[in-house]
Amino acid sequence: MTPTRTPHALDVQGLRVTLPGTARPVLDGVDLHVAAGETVALVGESGSGKSLTSRGALGLLPPGATVAGRIRVRGHDVLAMKPEQLRALRTDTVAMIFQDPRAALNPMRRIGDFLVESVTLTRTMNRADATARAGELLQAVGLDASALRAYPGQVSGGMLQRVMIAAALMGDPELLLADEPTTALDVTTQAEVVALLAELRARFRTGLLFVTHDLDLAAAISDRVYVMYAGRIAESGPAEALFARPRHPYTAALLASTPRLEAPGGRLAAIGGHPPDLRRELTGCPFAARCPLATELCERQAPEQRTAPGLPDHRAACHHTDRLEGSPVDA
Amino acid sequence: MPDNALEAVGLHRAFGSVPAVDDVSFVLPEGGSLGIVGESGSGKTTTARIVVGLERADAGEVRVRGRARATGGGGRAGRLARAREVQMVFQDPYLSLDPRTSVEQVLRETLRLHFPGTDHDRRVRELLDQVGLGTRAADARPRQLSGGQRQRVAIARALAVEPAVLVLDEAVAALDVSVQAQILNLLADIREQTRIGYLFITHDLGVVRRVTDDVIVMRRGRVVEAGRTSEVLAAPGHPYTRLLLESVPRPGWDPAAIAAARRAL
């Protein structure tokens, strides 16, 4: 760790995860970072490996997995941590918000008990301090401190997701992992939760990794975006550039297949075929079978990440990224 | 004058003292597509369930092709006749398919029930073809299929009885965008071929824009706005419709302003 630079909130390098009984790694050379105070979106469809990547930051990888590469949180190597260090990491440094708050809360216990238990169990705070802090945080997320006495069944889904955010902030985390935190919410509630996350990030300088399948949401809220496909990063870059001028045919195809309010009516440009099967080995580019630009080279050789001209932050793993503009997928 | 595929007139339904559906009326022309938009608790799903017959209305009437829809009775024949009027596709096809029954058997069973004593081989192939499922999928059990394929099976089963109306309750909400696009295109094709009417229940305005001709916006059990989809989305008249539209994420989106507008409404 160099003393002159603050280490990234999260830094993942060359992460490769292989599960028993599969022919190819579920994560295959993932490089990703989240700077302090930065909001980064990780976008992908089911099975792309986006949730697995974010859980890796908590040291939560599936049992029996073979792991290579590095995961660092504030410069500390997560994969080398002992159980008690992992526990400290999960209470003090990294917090996670899941899609379904009801599944993460014990319906028989009061919201207040849920909020204080993590910090009191690890003796980071005594109970009185923790309760005071929980009340403050509930107010910060727009709830009354009286919610401390309520049971999860007595509040709405949107309110409960705000409780989850308050719980995640109890230990003053430097990194917040949000896995589809608004997918189960109504659109107007989604806006509230996103506004809240943005405000808290500005106030506490928390790095935020926002995992979502919703490209438009990713574009609207994040500084940078990573697009994942079949366990690899297909494209990454500043949100605006990536959506205005995608450099990977998969990103372009995803954008074209999203039904939008502004777009003209008629048929959507659906992506034919399926993502590659985990039971089959992959030689070339994972998107080749569904890609209109694919050539023989794509089937044979996996593409390296290439930088867009004049935009060092905007990278895509595609042999034909320069042919993308004006092609049939460039919608 | 051609009959409408579906008409709802003054539907009311209360749960205890809470009016879940409060004076809801709409018309779905033959071969038309009507969207019902709203958030949790707006009454859109209860309305759909009344139309299908899974829920009874306290007051009001549902008419299919001009005939009042019976709310019960008629025994087995009555139930089957009602099922031939309106069919439903749910959000999660995994929960609405029997895990032990192959795709082909699902379709055969439905056809045998509704059209007994005829040979169904050709119709089964036709239905599989119509929803874009190959012969390999025909032998598969639900768990061997992807989410998109399962939703195709649910659509094929609904189409098997040749209903006047297909109610789609968040039918594409759980699918990945690339698969969602395939299913939305499929639904557009089927409507063109069969002149079936769609009642599309959804919270996604982008989807509404794609697949419906008309739309009603519901809030707290009431219809707050109704009209042609293109007009309602381009020039919303009700503040709640405007809030819904502004809440759709896009570049330059201001969630804090939406949150404030939501509290003010």
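Residues numbered from 1 in each chain as written. Chains lettered and ligands numbered in written order. Predicted model: local features only at pLDDT ≥ 70, side-chain atom pairs only at ≥ 80, totals over all residues.

A. Looking closely at the overall build of chain A. Regarding its fold elements, chain A presents 11 helices and 12 strands. Considered along the principal axes of its C-alpha atoms, chain A spans approximately 65 × 50 × 40 Å. Sequence separation of 24 or more characterises 65% of the internal contacts of chain A that already satisfy a separation of 6 or more. (Helix = DSSP H or I, 4+ residues; strand = E, 2+ residues; numbered from the N terminus. Contact = placed C-beta atoms within 7 Å.)

B. Local environment of the domain arrangement of chain B. Residue and element names in this part refer to chain B. Segmentation of chain B into domains returns domain 1 (4-234) and domain 2 (239-265). Taken residue by residue, the interface counts nine residues in domain 1 and five residues in domain 2. Broken down by secondary-structure element, the contributors of at least two residues to the side of domain 1 that touches domain 2 are helix H8 (205-211), strand S9 (214-219), strand S10 (222-228) and helix H9 (229-234). Its residues assigned to classes, the side of domain 1 that touches domain 2 shows six nonpolar, one polar and two charged. (Domains from an automatic or database assignment. Nonpolar A, V, L, I, M, F, W, Y, C, P; charged D, E, K, R; others polar.)

C. Up close: the interface of chain B and chain A. With 31 residues of chain B at the interface, the matching set in chain A holds 30 residues. When residues of the side of chain B that touches chain A are traced back to their parent elements, those giving at least two are helix H7 (177-194), H8, helix H10 (239-246) and helix H11 (255-264) of chain B. Within the side of chain B that touches chain A, the residues separate by chemical class into 17 nonpolar, eight polar and six charged.

D. Highlighting the sheet that holds strand S8 (residues 197-202) of chain B. All names here are of chain B. What the six strands build is an open sheet, ordered S6-S7-S8-S3-S9-S10; its pairing is mixed. The open sheet has two free edges, formed respectively by strand S6 (86-89) and S10, since each of these has just one partner strand. On average, adjacent strands in this sheet sit at an angle of 20 degrees to one another, irrespective of strand direction. One ladder, built from four bridges, connects S6 with strand S7 (residues 165-169); its direction is parallel. Bridge pairing links Met 88 to Val 167 in S7. In the packing of helix H6 (residues 147-160) onto the sheet, contacts are made with S6 and S7, and the angle to S6 comes to roughly 175 degrees. (Pairing = 2+ DSSP bridges. Axes fitted to C-alpha atoms, helices over the stretch in contact; angles between N-to-C directions.)

E. Focus on the packing of helix H3 (residues 103-114) of chain B against H6(B). Residue and element names in this part refer to chain B. In the contact formed by H3 and H6, the axes pass within 9 Å of each other and the chain directions differ by 20 degrees. Between H3 and H6, the angle falls in the class roughly parallel. Here H3 runs over H6; the crossing is right-handed. Residue-level contacts link Val 103, Val 106, Leu 107, Thr 110 and Leu 111 of H3 to Val 153, Ala 156, Arg 157 and Ala 160 of H6. (Parallel < 35°, antiparallel > 145°, perpendicular 65-115°, else oblique. Left-handed = near helix turned anticlockwise from the far one by under 90°.)

F. Broad picture of the nonpolar core. One finds Ala166(A), Leu209(A), Val51(B), Val165(B), Val167(B) and Leu199(B) to be the most contacted residues of the largest nonpolar core, which totals 171 residues. By residue number, the principal contributor to this core is helix H6 (residues 157-169) of chain A, which donates nine residues. Residue contributions to this core reach at least three from each of two domains, namely domain 1 (4-234) and domain 2 (239-265) of chain B. Excluding residues that lie within four positions of it along the chain, Val167(B) makes contacts with Ala48(B), Val51(B), Val52(B), Val86(B), Met88(B) and Leu199(B). (Core = buried A, V, L, I, M, F, W, Y, C linked by C-beta atoms within 7 Å. Buried ≥ 20, exposed ≤ 12 C-beta atoms within 10 Å, placed from the backbone.)

G. Structural view of unusual backbone geometry. All names here are of chain B. Positive phi outside glycine occurs at Arg 65, with the angle close to 45 degrees. By secondary structure assignment, the location of Arg 65 is in the loop between strand S4 (59-64) and strand S5 (67-68). With 16 C-beta atoms packed within 10 Å, Arg 65 lands in the partly exposed category.

H. Just the environment of Glu225(B), in detail. Residue and element names in this part refer to chain B. Mapped onto the elements of the fold, Glu 225 is located in strand S10. In the structure, Glu 225 is positioned 15 residues away from Tyr 240 in sequence and 8.9 Å away in space, judged by C-alpha atoms. Once you skip the residues sitting within four places of it in the chain, Glu 225 turns out to touch Val 217, Val 232, Pro 236, Gly 237, His 238 and Thr 241.

I. Representation of the environment of Arg143(B). Residue placement: Arg143(B) occurs in the loop between helix H5 (135-138) and H6. Remark: the alpha-carbon pair of Arg143(B) and Tyr94(B), spanning 49 residues in sequence, is separated by 7.8 Å.

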